[in-house]
Amino acid sequence: MFSFVLRRLMLSVPMLIGISIAAFLLLHALPGDPARAILGQRATAENVEQFRESQGLNDPLPTQYANFLKGLAEGDLGSSHRTNRPVVDELRERVPATIELTVFAMLFACIVGISLGILAAIKPRTIWDFICLGFALIGVSMPIFWLGFLVQKALAGGLKLFPFGERIDIAKWPTFHSESGFYLYDSLFVYQNAELTFDVLHHLMLPAMVLATVPMALIARMTRANMLEVLDQDFIRTARAKGLAPRPVILRHAMRNAMIPVITAIGTQFGYLLGGAVLTETIFSWPGLGRYVIEAIDVLDAKPLQASVMLVAVVFITVNLLTDLSYAIIDPRLRHGGAKGSEAVPGVGWLKFGPWALAGVPWFVLLVLVIASSTGRVEPATLLPAWIAAGVVIGLEFAALLYFAISHGLVAQVVKTLRETSFSGISHAWEIARAAFKFLRRHKPAMVGMALIMMMVVAAVGAQWIAPYDPMEGMNRFHEPASGEFWLGTDSQGRDLFSRLIYGARTTLLVALAATLLALVLGTIVGALAGYFGGAVDSFMMRAIDFMMSFPSFLLAVVTVAVLGKSLENLIWAVGIVGIPLFARQVRAEVLRVKTLEYVEAARGLGFSQFRILVKTVLPNCLSPIIVLGTLGMGSAILDVAGLAFLGLGGDPFVPEWGLILKHGWDESSKGAFQVGVAGACILGTVLGFNLLGDGLRDWLDPRTRLK
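Computed from a prediction, not measured in an experiment: that's the story for all the values here.

**Focus: the overall build of the chain**
Link 1 in the chain: When its secondary structure is counted, the chain shows 30 helices and zero strands.
Link 2 in the chain: Sorting the 708 residues of the chain into buried and exposed places 46% on the buried side.
Link 3 in the chain: Looking at the chain alone, contacts between residues at least 24 apart form 74% of all its contacts between residues at least 6 apart.
Link 4 in the chain: Taken as a whole, the chain presents about 34,900 Å² of accessible surface, with 67% of it coming from carbon and sulfur.

In structure tokens:
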């Protein structure tokens with residue numbers, strides 16, 4: 001146990017170092033000059049230069065990083081140029097609000113999710129089971145910013161059951177002062193006032209329930225699946241045969257064994273709640289860390305953004321570490337060396353992989369130069385020598401690689417392999433599609449999902465023929481109700497809402513599809529190489545994936561858009577990048593399984609090259625799970641694209657996109673309620689369609705559920 005804990009702690013050290021470097025580089029990656037942003041556009045060039053010198057911005061990057069680490073050690077995170085206050089003081093006010101919200105949301109998600117999952121498992125194929133499955137599917141497909149609007153209108157606005165905004169009723173408690181920042185703790189133990197505690201809980205409950213929706217659905221779904229599997233085991237039948245009552249069998253035997261994977265999911269979801277808090281806090285005007293990040297991005301306030309990203313990543317790593325430790329306590333196999341690295345292909349080690357890693361250095365330099373050029377802070381003439389040097393080195397790498405490939409006959413071999421693979425791959429994919437469709441015809445939920453997807457695809461492809469009006473053109477008919485002339489009415493700019501939704505389907509689906517393909521291709525390449533070659537290749541690539549997973553995915557997408565700038569192209573990159581780890585890990589796991597099978601060993605025995613074995617033998621047999629993962633990833637990408645557009649981090653504000661249409665209706669409050677409703681319904685229906693189809697494909701891959 002001690003060695004396992006020590007190993008996990010040692011693995012966390014390079015992650016923390018990488019997080020500090022990434023947070024430090026945010027200051028230099030954001031567009032614009034930080035000195036100019038702090039002093040204002042009216043500051044003279046002389047004042048800007050003096051400020052840069054006094055703040056050490058003219059020092060070399062290693063010196064600036066050392067000063068950054070020194071400030072961290074001393075608890076100095078700089079000051080916000082937006083408020084001119086120390087970032088540490090602002091975090092003391094914001095972080096407790098987010099922690100209180102996420103802890104309460106996770107507690108709510110665990111209680112309801114585990115209860116629903118157990119109830120569905122002990123009563124399979126009943127109304128309770130169908131309710132649990134339906135709740136789980138809708139929960140993971142629901143845009144939480146849309147759900148937040150609905151519950152605000154229904155529960156806070158219409159029925160007046162919950163308050164809206166802030167953490168406490170200031171008018172009722174004007175003398176309240178929080179010592180710790182945690183209002184619930186102060187009301188219970190400092191003020192010891194039951195009425196005050198109820199008021200704090202009353203304000204906390206609604207945003208916490210909205211934030212808990214997705215993890216609650218995932219926990220319920222995973223609990224049900226694991227309970228069903230455990231209840232079918234021999235030791236459960238033995239316990240029942242011995243005459244044990246149903247309750248001890250469920251709680252003492254089945255639940256304990258089924259909770260091991262669920263605990264891991266709970267820890268992971270707790271970390272991801274920190275990313276989801278960005279949307280929830282924006283919706284409910286909750287004064288937490290997520291809202292703080294958006295406020296910093298709006299004005300490119302680098303210091304708060306640095307501190308917030310680093311803090312969230314550290315908390316994310318800590319939660320994952322605690323989850324792994326609790327997992328090891330429950331499962332003794334991990335305490336005794338159950339988690340081993342993947343076996344390497346013979347002949348592939350650090351000595352052979354090292355030169356390839358070294359060859360990637362010029363590409364990293366090229367990436368830094370692209371970021372430095374995009375910020376506009378450095379004169380092009382200053383970077384010209386670095387551009388030339390990086391270009392020369394990369395050109396020499398290409399020349400050396402081409403010479404090596406030609407001299408060893410690799411070019412002809414690769415072309416031949418790719419040609420053969422393309423024909424066999426198309427044939428193999430066609431056979432998979434036929435077999436899958438034959439199964440899905442009998443899978444009613446999957447057919448419903450396909451119908452929803454096809455309806456949106458037809459709308460996107462035929463937008464110019466279906467839409468009756470130009471979606472960009474205002475017709476001076478503001479907030480018109482639905483009629484024969486305007487099927488869904490008009491928006492605040494006098495534009496036809498139906499036409500904007502139709503063209504919004506094209507924008508949203510194209511951006512999500514491009515992002516999913518980007519994540520799928522890059523994730524498949526990384527996962528396939530790591531899983532097949534193992535050893536040094538696996539260690540290097542998966543540590544990079546682990547570093548990317550140190551950040552909640554949605555928060556990473558938000559920061560990526562802030563660095564790259566607001567555009568549809570950058571939106572694709574942001575959503576695609578955050579999806580790479582999921583695809584890489586799943587593909588790696590599948591390749592690890594396939595590469596040990598007999599036909600792969602036979603291919604090695606016949607003397608086929610490693611590239612030919614990987615491309616022609618291993619990957620085609622991993623194609624089915626990759627298709628399923630791509631289908632489910634498409635739904636997640638649609639939610640991320642819509643969420644970023646809702647936060648104002650999409651592309652052109654005039655180009656119709658579902659998240660942006662929903663945001664415009666949100667800004668109009670009661671006048672835009674119908675617009676919010678139909679835009680959210682489009683997002684929910686499409687994501688639900690992809691999830692239903694993905695579940696059907698997953699059932700098709702499971703031999704226990706596949707119909708003969």
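**Here's the deal with the environment of Leu 147**
Link 1 in the chain: Turning to its location among the elements, Leu 147 is positioned in helix α7 (residues 144–158).
Link 2 in the chain: Distance from Leu 147 to Leu 211, taken between C-alpha atoms, is 9.6 Å for residues 64 residues apart in sequence.

**Some thoughts on the pattern of salt bridges**
Link 1 in the chain: Per the stated rule, a full pass over the model turns up 14 salt bridges.
Link 2 in the chain: With a shortest N-O distance of 3.5 Å, Glu 295 and Arg 291 are connected by a salt bridge. Here the residue Glu 295 and the residue Arg 291 both occupy positions in helix α13 (residues 289–298), the gap between them amounting to four residues, near one helical turn.
Link 3 in the chain: Each of Arg 94, Arg 291 and Glu 295 takes part in salt bridges that share partners, so that together they form one network.

**As for the nonpolar core**
Link 1 in the chain: In terms of nonpolar packing, the biggest core is built from 95 residues, with Leu 644, Leu 647 and Ile 683 touching the most fellow members.
Link 2 in the chain: Examining the composition of this core, we find that eleven residues originate from one element, helix α30 (residues 673–701), more than from any other.
Link 3 in the chain: Counting residues in hydrophobic clusters, the runner-up holds 32 residues, among them Met 106, Ala 239, Ala 254 and Phe 270.

**Examining the packing of helix α6 (residues 127–141) against helix α10 (residues 213–231)**
Link 1 in the chain: Contact geometry for α6 and α10: axes closest at 8 Å, N-to-C directions at 140°. One way to sum up the angle between α6 and α10 is to call them oblique. Where α6 crosses over α10, the handedness of that crossing is left-handed. Contacts between α6 and α10 involve Asp 129, Cys 132, Leu 133, Phe 135, Ala 136, Leu 137, Gly 139 and Val 140 from the first element and Thr 213, Val 214, Met 216, Ala 217, Leu 218, Ala 220, Arg 221 and Arg 224 from the second.
Link 2 in the chain: Partitioning the contact of α6 with α10 into residue classes produces eleven nonpolar, two polar and three charged.

**Focus on unusual backbone geometry**
Link 1 in the chain: Despite not being glycine, Ser 285 shows a phi value in the positive range, around 50°.
Link 2 in the chain: Tracing the sequence through the fold places Ser 285 in the loop between α12 (246–283) and α13.
Link 3 in the chain: Here the phi dihedral of His 479 falls at roughly 55°; this positive angle occurs in a residue that is not glycine.
Link 4 in the chain: Under the relative-accessibility criterion, His 479 is labelled partly exposed at 29%.

**Some points on the packing of aromatic side chains**
Link 1 in the chain: Enumeration according to the criterion identifies eleven aromatic pairs in this entry.
Link 2 in the chain: Judged by centre distance (5.3 Å) and plane angle (50°), the ring pair of Phe 149 and Trp 666 falls under tilted. Remark: Trp 666 occurs in helix α29 (residues 658–667) and Phe 149 occurs in helix α7; sequence separation between them is 517 residues. Here the two residues Phe 149 and Trp 666 agree in accessibility, since each one is buried.
Link 3 in the chain: Summarising the aromatic geometry, the rings of Tyr 185 and Phe 189 are spaced 5.1 Å apart at their centres and angled 40° between planes, so their arrangement reads as tilted. Within this pair, Tyr 185 and its partner Phe 189 are both found in helix α8 (residues 183–190), separated by four residues, close to a single helical turn.
Link 4 in the chain: When the ring centre of Tyr 183 is taken as reference, the NZ or CZ atom of Arg 167 above it lies at 3.8 Å.
Link 5 in the chain: Positioned over the ring face of Phe 646 is Lys 663, at 5.3 Å from the centre of the ring.

Reading the values: rules and limits
Residues numbered from 1 in each chain as written. Predicted model: local features only at pLDDT ≥ 70, side-chain atom pairs only at ≥ 80, totals over all residues. Heavy atoms only, no water. Helix = DSSP H or I, 4+ residues; strand = E, 2+ residues; numbered from the N terminus. Buried < 20%, exposed > 50% of the residue type's maximum accessible area, 1.4 Å probe, protein only. Contact = heavy atoms within 4.5 Å. Areas by Shrake-Rupley, 256 points an atom, 1.4 Å probe, with all protein chains shown as cover. Salt bridge = Lys/Arg side-chain N within 4 Å of Asp/Glu carboxyl O. Core = buried A, V, L, I, M, F, W, Y, C linked by side-chain atoms within 4.5 Å. Axes fitted to C-alpha atoms, helices over the stretch in contact; angles between N-to-C directions. Parallel < 35°, antiparallel > 145°, perpendicular 65-115°, else oblique. Left-handed = near helix turned anticlockwise from the far one by under 90°. Nonpolar A, V, L, I, M, F, W, Y, C, P; charged D, E, K, R; others polar. Phe/Tyr/Trp six-rings, centres within 6.5 Å; stacked < 30°, edge-to-face > 60°. Lys NZ or Arg CZ within 6 Å of the ring centre and 35° of its normal.

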